[in-house]
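Residues per chain are reported as follows:
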Amino acid sequence: MDRPDIAEEIEGRHLTPNELLDIPDDQLDQAKTPNNPEYAMTSLPNRIDPYSTLKDLGYVTFLDYSKHRPSSTFQDLAKELGGDSVAAADVFRLMRDEVATNHDFHHLLASSLFRKIKSLVKNGWKKDGRIVFAFTNACSGWAALFEPRYKESCLVAIKQLRSVENPEEWIPDGIDDSDIVAAIAAAKFDFP
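Residues numbered from 1 in each chain as written. Predicted model: local features only at pLDDT ≥ 70, side-chain atom pairs only at ≥ 80, totals over all residues. Heavy atoms only, no water.

K.L.:
Please clarify how the environment of Thr136 should be interpreted in this entry.
P.N.:
Position of Thr136 relative to the elements: it lies in helix α10 (residues 133-144). A C-alpha to C-alpha distance of 9.3 Å links Thr136 and Arg162, two positions 26 residues apart in sequence. With sequence-adjacent residues up to four places away left out, Thr136 is seen in contact with Ile131 and Arg162. (Helix = DSSP H or I, 4+ residues; strand = E, 2+ residues; numbered from the N terminus. Contact = heavy atoms within 4.5 Å.)

Here it is in C-alpha cells:
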C-alpha cells in the first residue's frame, strides 16, 4: 500500500488492523476512515458535531460540561451533545483526552465510576445480602475504561466500594457521593 493516492482509495472504508499497519505514517492522518476518530466525529452523514454543541451550550471542555451534570450517565450526556449521533463511549473518550492534571484525572475516575454504576444498576447494589451482577458488571466495565497500568488501583477502588455498609437499595447519588470519593482516594491513583 505504498501508492501516493492511498487516502483517496480507502476513504469511507473500515480497515482491518493489517491494512492500517500498511498505511505509511505520513498518510495515516489523511485517511478518512472509521478507524480515524476525526472521521468518526465529523464525516458521517447527519452526524452532529459534539464540539459545536458543547460550544453552543457555553462550555469550553467536556470535563467542565460533565462537572455541571454530576448525576447524568454517559448516555444522558451523549444524547444532550448529539442525540443518536454521539455514543456514550465518545463522551468518555472526549473527557479522557482533556485530562491534563491529577485533579482532572480524579474527576474522570469518580465521574466514570458513578456513571457506569448509575447506567447499569437500577434497583440497588445488593439483593438478599449478595452483590448483584449489574454492580459487578458496572465496576468491571469502569476498570476496563482505563489503561492496564491502573488495573491494581481500580481493583483497590472496587474492593473499597464493595466493603461499604450501605442498604441493599443503595445507588450513588452523584459523582461526589462519599463512597465513590472514598473508593477513588483509597486506590491512590497517580496521573499520568
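On we go from here.
K.L.:
Teacher, can you tell me more about the side chain of Lys126 here?
P.N.:
You can see Lys126 is positioned in strand β1 (residues 126-127). For the buried Lys126, no salt bridge is present, and the opposite-charge side chain at shortest range is Glu165, 5.2 Å distant. The contacts of Lys126, once residues within four sequence positions are left out, are Ile131, Val132 and Glu168. (Buried < 20%, exposed > 50% of the residue type's maximum accessible area, 1.4 Å probe, protein only. Lys, Arg positive; Asp, Glu negative; His and termini not counted. Salt bridge = Lys/Arg side-chain N within 4 Å of Asp/Glu carboxyl O.)

K.L.:
When you look at the packing of aromatic side chains in this model, what are you seeing that I'm missing?
P.N.:
Centre-to-centre distance and the angle between the planes together describe a pair of aromatic rings. If you walk through the whole model with that rule in mind, you get 13 aromatic pairs. Ring centres 5.7 Å apart and planes at 90 degrees place the aromatic pair Phe92 and Phe146 in the edge-to-face group. With a gap of 54 residues between them, Phe92 in helix α8 (residues 88-98) and Phe146 in the loop between α10 and α11 (151-162) connect regions that are remote in the sequence. Neither residue differs from the other here; Phe92 and Phe146 are each classed as buried. On the numbers, 6.1 Å between centres and 85 degrees between planes, the contact of Phe105 with Phe146 is edge-to-face. Here Phe146 lies in the loop between α10 and α11 and Phe105 lies in helix α9 (residues 102-120), a separation of 41 residues in the sequence. Exposure remark for Phe146: the relative accessible area of 9% places this residue in the buried category. For Arg115, the ring lying beneath its charged end belongs to Phe74, and the centroid distance is 5.8 Å. (Phe/Tyr/Trp six-rings, centres within 6.5 Å; stacked < 30°, edge-to-face > 60°. Lys NZ or Arg CZ within 6 Å of the ring centre and 35° of its normal.)

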